[in-house]
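As a plain string of letters, each chain reads:
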Amino acid sequence: MYTDLLANLNPEQGEAVTLPPVNEHGQAQSALILAGAGSGKTRVLTTRIAWLIQTGQVSPIGVLAVTFTNKAAKEMMVRLSAMLPINTRGMWIGTFHGLCNRLLRAHHKEAGLPSTFQILDTQDQLSAIKRLLKGLKVDDEKYPPKQLQYFIAHAKERGQRARELAVGDDFQAKMAQLYEAYDAQCQREGVVDFAELLLRSYELLKHNEAIRTHYQERFRHILIDEFQDTNALQYAWLKLLSGHDGSPVNVSGAGTSAVFAVGDDDQSIYAFRGADVENMRLYEKQFHPLMVKLEQNYRSHGHILDTANHLIANNSERLGKNLRTDAGHGELVRIYDAPSDHAEAAWLIEEIKALVSSGIKRTEIALLYRSNAQSRIIEHALFSAAIPYRVYGGLRFFERAEIKHALAYLRLLENPNDDTSFSRVVNFPTRGIGARSIEAVQDAARAQQCSLYLACSTLDGKAGSALGGFVRLVDHMREATRHNTLPETVEFVIQHSGLIQHYLSEREGQDRVENLQELINAATAFIAEEGYGQDAAAAMLPGENSPGAVEVSPLAAFLSHASLEAGDNQAQAGQDAVQLMTVHSAKGLEFTSVFITGLEEGLFPHENSINELNGLEEERRLMYVAITRAKERLYLSHTQSRMLHGQVRYNMPSRFLEELPTDSLKWLTPKAKDARWGGGNSGRSSGSTWQDVYTRQRESESNDFFDSGSERERPAKQLGRVGSAATSVRRMASPPRGNYPFTIGQNVFHTKFGEGRVTSLEGNDADARAQVNFKRHGVKWLQLSIAKLAAVD
DNA sequence: AACTTTGCTATTTTT
DNA sequence: TAGCAAAGTT
């Protein structure tokens, strides 16, 4: 009975789940669910699918559900299987990229791709671009590979091919030309990058009426998670597939599909990678959805929620939403003003210790920061205090060099024309193929417009024989593994490529060898658990009639999987460790206690965001996301001085602190509230002079160790030294020597520029200058003999 | 081909 | 500061 499905929903969730997918005229009716943080959005989305299926409004075959991350897709399938006795594996539930890959595998011919096409991840794409620029003899100073990569990705995300770009100047014209050359190179090699997966499948649907109609008629219900994160191309894809793109309604007259979009405009924090909240407003206008707001929050206590609501109210152009809770006010939000980043870290340690001894699990404590660079000092302090911790982010399994090498060999078995893979391993492990030989193949390949692999056979002499050996090696591995299972193939390749041997002989190669062994396990697990078809085309429902559907080899499916799901990026459960991560990676997570650190102007909001269009509002949303991660306790901290890029910086407290409701706050350092403009002692609100800060830094550096190794978890282990005598001496030389009427960090007032804080001092006597960070006018150097500067006491 | 030195840069990240 | 990538040395 479907009433079971709805039993545990609140009224607004129930309303969202059961919105009629058809209007009074019998046409598809779309919906937009504005789901606040912690309002049960995933539950609503999943229950919606279950409800549609259970009430017979659609069969599992007719559902398409899109998410942004594999984790979200997986969770949806797990929850769905728990609600309904159906096999979710064959359902079209996945990421945009995963589903597009599936589509392109099934219709590779119509999409103009070889059946063995490979997927380039961001690293691969960059090396492909570097190779392209070298081949074309383009000055990579003038056209930096990274910039071209960004240029191409963003053009594709807007749905634009090179020829469709408006070129304003010579530079743009050249970039567009390089974009076109890049696409041609990918096409020749049989590879597609991430954005290409989307653009190519969009074009496939757009230009092939039979295929478009087939999928339009099939997917009568399309559901999208995190709708605020969609980019222009994803939105266009959605309009096309659902029949809302204004093109003639499909042949059978079946009309449009019902789209069920769930999102939160206040949590849109990915504009920098092409996401456009504007899509929510466009969707409102173009799909005429029924709207439901989920404002009941099940996560945070009252003061925390009030803080979040109060802050986000400073943004304009919101769709409008206010979270509420039944949980009661709970505790006040604590604010700590530290004299230095070291002091901030030391305070974190004390608070964490107190929380842990009060019975809170370490996994329930999150330390959040705006940028990764901030984690170092916190890790250092945690390590010294012997508190277990885990850092989110960093290299993932399939991104590790040794794994990418092994995958490159495997890819060459599938598709020898993949020049990116060829270049990666042609001389790794080294086999006497030097720069000369490689140049020779590249020339030959260019002359004959063929792949490096094919060009090898046209070479003779030294280069020819060395490269011939490599080609024979790859051919041999392909032949020898023809009838092997996937794990057997992987094992054969890591052995016979010489990778294992290479790393065994390397001093610190043991971890890499273990990772390579782990790759065999991953292949075994892939075959067993995933049925190898999840992200590829292989998993079709019985009786599914998809034109041109093909079986994909386990190897091809595994390679897709490796590209599309780079592996775990997050701390694993089980170990009771404090969780460290950026605010971005905290999205979607929740913790009993949350510390938001580094709340300083320039850091959070980040200085680079100030000049970006709507940058400040995005930073505020980021802060909103950070706050709403906390269930019971929230701590906010900022420091007066912080080491950044090798320099001590003096930042103002974040403006966001001033946007919080005073009634919900509790200052742990009483004067901090007024510290910004020098309440208390001579502008040094917590009683530290710059020299104090300096001394403290040296002290804390001198007596402990820190391992900055690559492992994600760092238990007590062999460590390296930080803060050598040499560094300390150099730093000692840097304090200003002159007699100044001000000290660094002091608050001052200027008749014209207003209030500011001294950030640097130099010169002597008549030449003495002070650098001042003004509240309104930014950073300025002032000649002390001329400027009318007054100390604020 | 392994090693060292220099040079550059420094939000946020998934696929 | 430090971390990586490219260029230079043995």
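None of the values given here were measured: they were computed from a predicted structure. What you see as residue numbers is a count from 1 along each chain, following the sequence as written. All chains are assigned letters beginning at A, and all ligands numbers beginning at 1, according to the order in which they are written. Local features are withheld for residues below a pLDDT of 70 in this predicted model, meaning they are given only at 70 or higher, and side-chain atom pairs are given and counted only at 80 or more; totals for whole chains, interfaces and linings count all residues. Excluding hydrogens and water, the side-chain figures rest on all heavy atoms present in the structure.

1. Some remarks on the overall build of chain A
Check the secondary structure of chain A and you find 30 helices and 24 strands. Only protein chains enter the accessibility calculation, which uses a 1.4 Å probe. A residue is then buried if its area is under 20% of the maximum for its type, exposed if over 50%, and partly exposed in between. Sorting the 793 residues of chain A into buried and exposed places 55% on the buried side. A contact between two residues is defined here by any heavy atoms of the two lying within 4.5 Å. Here the contacts in chain A between residues at least 6 apart in sequence split such that 75% fall between residues at least 24 apart. Using the Shrake-Rupley algorithm and a 1.4 Å probe, accessible areas are obtained, with residue cover drawn only from the displayed protein chains. With an accessible surface of roughly 34,000 Å², chain A has 50% of that area assigned to carbon and sulfur atoms. Here a strand is any run of E in DSSP of at least two residues, a helix any run of H or I of at least four, and the numbering for each starts at the N terminus.

2. Considerations on the environment of Ile 312
By the element assignment, Ile 312 lies in helix α13 (residues 302–312). Under the relative-accessibility criterion, Ile 312 is labelled buried at 0%. Separated by 312 residues in the primary sequence, Ile 312 and Tyr 624 place their C-alpha atoms 6.4 Å from one another. The residues contacting Ile 312, other than those within four sequence positions of it, are Asp 266, Arg 318, Arg 620, Arg 621 and Tyr 624.

3. Looking at unusual backbone geometry
Residue Phe 428 is joined to Pro 429 through a cis peptide bond whose omega torsion reads -5°. With respect to the helices and strands, Pro 429 occurs in the loop between α17 (419–425) and α18 (435–448). Cis geometry marks the peptide bond from Phe 604 to Pro 605, where omega comes out at 10°. Within the secondary structure, Pro 605 is located in the loop between β13 (591–596) and α26 (607–610). The backbone of Glu 317 shows a phi angle near 55°, a positive value even though the residue is not glycine. For Glu 317, the position within the fold is in the loop between α13 and β9 (333–338). Owing to a relative accessible area of 62%, Glu 317 belongs among the exposed residues under this scheme. We note that Gln 449 has phi near 50°; this positive angle belongs to a residue other than glycine.

4. A short note on the sheet that holds strand β14 (residues 630–639)
Strand pairing in a sheet takes place through backbone hydrogen bonds and is either antiparallel or parallel in direction. Following DSSP output, two strands are said to pair if at least two bridges run between them. What the seven strands build is an open sheet, ordered β11-β12-β10-β13-β14-β9-β17; its pairing is parallel. At either end of the open sheet lies a strand with only one pairing partner, and these are β11 (389–391) and β17 (665–667). If you compare each strand with its neighbour and ignore which way they point, the axes differ by 20° on average. Think of each axis as a best-fit line through the C-alpha atoms, taken over the contacting stretch in the case of a helix, with angles from 0 to 180 degrees between the N-to-C directions. In this fold α13 packs onto β9 and β14, with an angle of close to 55° to the strand it touches most, β14.

5. Overview of the packing of aromatic side chains
Ring pairs are drawn from Phe, Tyr and Trp, using the six-membered ring of Trp, whenever the two centres fall within 6.5 Å, and their geometry is named by plane angle: stacked under 30 degrees, edge-to-face over 60, tilted for the rest. A complete count under the given rule lists 22 aromatic pairs for this structure. Where Phe 397 meets Phe 398, the ring centres are 5.2 Å apart and the plane angle is 75°; that geometry is what we call edge-to-face. Phe 398 carries the same exposure label as Phe 397, and that label is buried. One cation-aromatic arrangement involves Arg 105 over Phe 117; the distance from NZ or CZ to the ring centre is 3.7 Å. Across from the ring centre of Tyr 270, 3.6 Å away, lies the NZ or CZ of Arg 273, which sits over that ring. Whether a charge lies above a ring is judged from NZ of Lys or CZ of Arg, which has to be within 6 Å of the ring centre and within 35 degrees of the ring normal.

6. Quick notes on the packing of helix α6 (residues 122–135) against helix α7 (residues 145–157)
Between α6 and α7, the shortest axis-to-axis distance is 9 Å and the interhelical angle comes to 115°. Pair α6 / α7 crosses with right-handed handedness. Mapping the contact onto sequence places Thr 122, Gln 125, Leu 126, Ile 129, Lys 130 and Leu 133 in α6 and Pro 145, Lys 146, Leu 148, Gln 149 and Ile 152 in α7. Throughout, the ten residues Ala, Val, Leu, Ile, Met, Phe, Trp, Tyr, Cys and Pro are labelled nonpolar, Asp, Glu, Lys and Arg are labelled charged, and all others, Gly among them, are labelled polar. Tallied by class, the residues present in the contact of α6 with α7 amount to six nonpolar, three polar and two charged. The hand of a helix crossing depends on one turn: near helix anticlockwise from the far one by less than a right angle means left-handed, and clockwise means right-handed.

7. What to know about the protein's contact with DNA strand B
When at least one non-hydrogen atom of a residue lies within 4 Å of a molecule or strand, that residue is treated as near it. Of all residues adjacent to DNA strand B, which total 27 residues, the nearest are Thr 122, Arg 370, Asn 372, Thr 582 and Glu 612. When atoms of DNA strand B within 4 Å of the protein are split into backbone and base, the sugar-phosphate part holds 56%. A 3.5 Å cut-off defines polar contacts: any pair of N or O atoms within that distance qualifies, except that in protein one atom must be a possible hydrogen donor and the other a possible acceptor, and neighbouring residues in sequence count only when both atoms are side-chain atoms. Between DNA strand B and Thr 122, the relevant distance is 2.6 Å, taken from a base oxygen to a side-chain nitrogen or oxygen of the residue. Arg 370 places a side-chain nitrogen or oxygen 2.6 Å from a base oxygen of DNA strand B. Going through the elements one at a time, α25 (583–586) and α26 are the ones with two or more residues in the surface near DNA strand B. Classifying every residue of the surface near DNA strand B by side-chain character gives five nonpolar, 17 polar and five charged.

8. Here's the deal with the pattern of salt bridges
A pairing counts as a salt bridge when a side-chain nitrogen of Lys or Arg comes within 4 Å of a carboxyl oxygen of Asp or Glu. Throughout the structure, instances matching the rule amount to 44 salt bridges. When the shortest N-O distance is used, the salt bridge between Asp 121 and Lys 404 registers 2.5 Å. On the criterion of sequence distance, the pair formed by Asp 121 in the loop between β4 (118–120) and α6 and Lys 404 in helix α16 (residues 401–414) is long-range, its members being 283 residues apart. Residues Asp 121 and Lys 404 agree in their burial class; the two are buried. The partner of Glu 295 in a salt bridge is Arg 324, with the nearest N and O atoms 3.9 Å apart. Note that Glu 295 is positioned in the loop between β8 (290–294) and α13 and Arg 324 in the loop between α13 and β9, a separation of 29 residues in sequence. Given the relative accessible area of 36%, Arg 324 is considered partly exposed. Salt bridges sharing common partners tie together Lys 156, Arg 161, Asp 183, Asp 193, Glu 196, Arg 200 and Glu 203.

9. Focus on the environment of Leu 784
With respect to the helices and strands, Leu 784 occurs in the loop between β23 (778–783) and β24 (789–791). Classification of Leu 784 by relative accessible area gives buried; the value is 16%. Residues Leu 784 and Leu 761, spaced 23 residues apart in sequence, show a C-alpha to C-alpha distance of 9.8 Å.

10. Some thoughts on the pairing of strand β10 (residues 365–369)
The element β10 is extensively covered by neighbouring structure, given that five of its five residues are classed as buried. By the alternation rule, side chains of β10 split into Ile 365, Leu 367 and Tyr 369 and Ala 366 and Leu 368, which are all buried. Bridge count for β10 against strand β12 (residues 578–582) is four bridges, and the pairing is parallel. Pairing of Leu 368 across the sheet is with Met 581, part of β12.

11. A look at the packing of helix α23 (residues 510–530) against helix α24 (residues 554–564)
Two elements in contact, α23 and α24, have axes whose closest approach is 11 Å; the angle formed by their N-to-C orientations is 110°. Taken together, α23 and α24 sit at an angle that is classed as roughly perpendicular. In this structure, α23 crosses over α24, and the sense of that crossing is right-handed. Contacts from Leu 519, Ala 522, Ala 523, Phe 526 and Ile 527 of α23 reach α24 at Pro 554, Ala 557, Phe 558 and His 561. Per-class residue counts for the contact of α23 with α24 are eight nonpolar, one polar and no charged. The cut-offs work like this: below 35 degrees is roughly parallel, past 145 is roughly antiparallel, 65 to 115 is roughly perpendicular, and the gaps in between are oblique.

12. What about the domain arrangement of chain A?
Segmenting chain A into domains produces domain 1 (11–110 + 196–294), domain 2 (122–188), domain 3 (333–396 + 570–667), domain 4 (398–541 + 552–566) and domain 5 (746–791). Bear in mind that the domain bounds are from an automatic or database domain assignment. In this structure, domain 1 and domain 3 have C-alpha centres spaced 34 Å apart. Taken together, the contacts link 15 residues of domain 1 with 11 residues of domain 3. Once two parts are joined, some of their accessible surface, as seen by a 1.4 Å probe, is lost; buried area is that loss totalled over both. Among the residues domain 1 hides against domain 3, the three largest losses belong to Asp 266, Gln 267 and Ile 269. Together they make up 47% of the total. At the surface where domain 1 touches domain 3, the tally comes to two salt bridges.

13. Quick notes on helix α10 (residues 209–218)
Those residues of α10 lying buried are Ile 211, Arg 212, Thr 213, Tyr 215, Gln 216 and Arg 218. The inward-facing, buried residues of α10 abut β3 (92–95), α5 (96–106), α9 (194–207) and α11 (232–241). At the N-terminal end of α10, a side-chain oxygen is found 3.2 Å from the backbone nitrogen of Ala 210, two or three residues along, and the residue is Asn 208.

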